[in-house]
Amino acid sequence: MLPYFGGGLKIAPEADWSKNKLVITTVEPINRWLLLGLLSTLFFAEHTRFKSVHTYHASAVSLEGETLLTYQVDGSTGRAKRIEIGREIHFTTFLR
């Protein structure tokens, strides 16, 4: 819900804490040279111009994987099979 990540990288430049919407930024698989170019544009929020970068707006998101998904929320990381994100965040882990 905040535009910054890692001390100033504008990973989701359209994010606004005062709005009740999530801004989700995704990147399609890309080669390492394109990745280097993309990383160099993060400080200026220009990465959203790449065709492989997509921005979505939603009030809630639910993700479910066949294997454990890695997630990052506010600097904390973890793994879960199902992730629900809205005004509250819920993780469900299924161990095999």
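About the criteria used
- Residues numbered from 1 in each chain as written.
- Predicted model: local features only at pLDDT ≥ 70, side-chain atom pairs only at ≥ 80, totals over all residues.
- Heavy atoms only, no water.
- Helix = DSSP H or I, 4+ residues; strand = E, 2+ residues; numbered from the N terminus.
- Buried < 20%, exposed > 50% of the residue type's maximum accessible area, 1.4 Å probe, protein only.
- Contact = heavy atoms within 4.5 Å.
- pLDDT = per-residue confidence, 0-100.

### Regarding the overall build of the protein
- Scanning the protein from N- to C-terminus turns up 1 helix and 5 strands.
- In sequence order, the protein lays out its α and β elements as β-α-β-β-β-β.
- Each of the 96 residues in the protein was classed as buried or not, and the buried ones make up 24%.
- Looking at the protein alone, contacts between residues at least 24 apart form 39% of all its contacts between residues at least 6 apart.

### A short note on the environment of G86
- Relative to the elements of secondary structure, G86 occurs in the loop between β4 (76-85) and β5 (89-92).
- It is 4.3 Å that separates the C-alpha atoms of G86 and A60, two residues lying 26 residues apart in sequence.

### Considerations on the confidence of the model for the protein
- Per-residue pLDDT for the protein averages 77, and the proportion of residues at 70 or more is 78%.
- Least confident of the elements in the protein is β5, whose mean pLDDT is 57; most confident is strand β2 (residues 53-58), at 87.

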